[in-house]
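What the coordinates show
The primary structure of each chain is shown beneath.
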2 protein chains.
Amino acid sequence: MARTGRGGRLAEALRSQAGRGDLHAPACPSRGVLDHVTSRWGVLVLVSLLEGTHRFSALRRKVAGVSEKMLSQTLQALEHDGFVRREVHPVIPPRVDYSLTSLGREVAGHVEALTDWIEDSLPRILAAREEPKSRPAPAGRARA
Amino acid sequence: MARTGRGGRLAEALRSQAGRGDLHAPACPSRGVLDHVTSRWGVLVLVSLLEGTHRFSALRRKVAGVSEKMLSQTLQALEHDGFVRREVHPVIPPRVDYSLTSLGREVAGHVEALTDWIEDSLPRILAAREEPKSRPAPAGRARA
DNA sequence: CGGTATCCTCGCCGATACTG
DNA sequence: CAGTATCGGCGAGGATACCG
């Protein structure tokens, strides 16, 4: 890494256009990519597509709870970042298939590792929630 | 009552309290954990703490752009899930240290793998954004 | 079937002020 | 220094209606 000097946040962000990203720089485009990938529905879409190609409606069923609007929006963002491939079949009724690109499979792999860990570790996490913490009494009126 | 039958989303969610989580079930607590971990600031806090113990203000500096309120809120959520340990030192001026628990180090490891990949792959992602997509003309007025 | 456009609500989040 | 309390905007996102 060539040094760019300290305090050059903007320069850092701009340089990252051609080189590596830096999530600690608020202006770096990698922040946007991270937001897409880790978004509420982005995570679930990526993991679902890892199992194979899906139609819009199949995806909607798989990612339970998502609205059409948000699914569409999420897919557009992921397609824009080059993670998702969208194939329109000019038939009646219309059919659109969504699948991961090779770039998408890479990122989805990391996302799945995270989600798998969470699903597996849920018992330990729920157990940890039971333990007493260092924030005992919120002081004052505890409830309205 | 062993079996819950099909379509038992709620039953599924409840059962997961004792067993493995299921992110595809909207009511499963794992959804909440995922939201904490993948939240805007949660990701950056976890990765930062992976480098070692930090004081509140040090963390605030490291995670550039976060407000006191959001940092505090994020830390409380992560502490509640058992990922972050909060240690108050009864001295003047007050001093509070934040560090990862072993559970936290595990999840943070996965998060860091993801963020590292994004930072490294940013050039490829930005390049992919340049390519023509299957959504050529949005039809109608393209601009306001 | 697979979207997009519009409306409207809700809660995220920043700014500010105050406390231990 | 390390927070909590409160207010307010603004944008994410759900509901609905409609189009190719």
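Basis of the calculations
- Residues numbered from 1 in each chain as written.
- Chains lettered and ligands numbered in written order.
- Predicted model: local features only at pLDDT ≥ 70, side-chain atom pairs only at ≥ 80, totals over all residues.
- Heavy atoms only, no water.
- Pairing = 2+ DSSP bridges.
- Helix = DSSP H or I, 4+ residues; strand = E, 2+ residues; numbered from the N terminus.
- Contact = heavy atoms within 4.5 Å.
- Axes fitted to C-alpha atoms, helices over the stretch in contact; angles between N-to-C directions.
- Phe/Tyr/Trp six-rings, centres within 6.5 Å; stacked < 30°, edge-to-face > 60°.
- Buried < 20%, exposed > 50% of the residue type's maximum accessible area, 1.4 Å probe, protein only.
- Parallel < 35°, antiparallel > 145°, perpendicular 65-115°, else oblique.
- Salt bridge = Lys/Arg side-chain N within 4 Å of Asp/Glu carboxyl O.

- An unreviewed UniProt entry annotates chain A as Transcriptional regulator, HxlR family originating from Anaeromyxobacter dehalogenans.

Some points on the sheet that holds strand β1 (residues 54-55) of chain A
All names here are of chain A.
- Reading across from one edge, β1-β3-β2 is the order of the three strands in this open sheet, with antiparallel pairing throughout. The open sheet terminates on both sides in strands that have one partner only, identified here as β1 and β2 (84-89).
- By the bridge criterion, two bridges tie β1 to strand β3 (residues 95-100) in an arrangement that is antiparallel. Following the sheet pairing, His 54 is matched in β3 by Tyr 98.
- Its contacts with the sheet place helix α3 (residues 40-49) against β1, β2 and β3, and it is angled at close to 90 degrees to β3.

So, unusual backbone geometry
- The residue after Ile92(A), namely Pro93(A), is reached through a cis peptide bond having omega 0 degrees.
- Along the chain, the position of Pro93(A) falls in the loop between β2 and β3.

Details of the packing of aromatic side chains
- Here the structure, examined in full by the defined rule, presents two aromatic pairs over all chains.
- Ring centres 6.1 Å apart and planes at 50 degrees place the aromatic pair Phe83(A) and Trp117(B) in the tilted group. With Phe83(A) in the loop between α5 (68-80) and β2 and Trp117(B) in helix α6 (residues 102-130), the pair connects residues from two separate chains.
- Judged by its relative accessible area of 0%, Phe83(A) is buried.
- By relative accessible area, which is 10% here, Trp117(B) ends up buried.

Details of the packing of helix α3 (residues 40-49) of chain B against helix α5 (residues 68-80) of chain B
Residues and elements named next belong to chain B.
- Relative to each other, α3 and α5 sit at 70 degrees, their axes nearing to 10 Å. Between α3 and α5, the angle falls in the class roughly perpendicular. Here α3 contributes Trp 41, Gly 42, Val 45 and Leu 46 to the contact with α5, which in turn contributes Met 70, Leu 71, Thr 74, Leu 75 and Leu 78.

Things to note about the pattern of salt bridges
- One pass over the structure, following the stated rule, counts 16 salt bridges over all chains.
- With a closest N to O distance of 3.8 Å, Arg20(A) and Asp116(B) form a salt bridge. Placement of Arg20(A) in the loop between α1 (9-15) and α2 (30-37) and of Asp116(B) in helix α6 is noted, with the two residues assigned to different chains.
- With relative accessibility at 29%, the residue Asp116(B) sits in the partly exposed group.
- A salt bridge links Arg129(B) to Asp81(A), with the shortest nitrogen-to-oxygen separation between them at 2.8 Å. A residue pair is termed interchain when its members come from two chains, as with Arg129(B) in helix α6 and Asp81(A) in the loop between α5 and β2.
- Within the structure, one salt-bridge network assembled from shared partners comprises Arg20(A), Asp116(B), Glu119(B) and Asp120(B).

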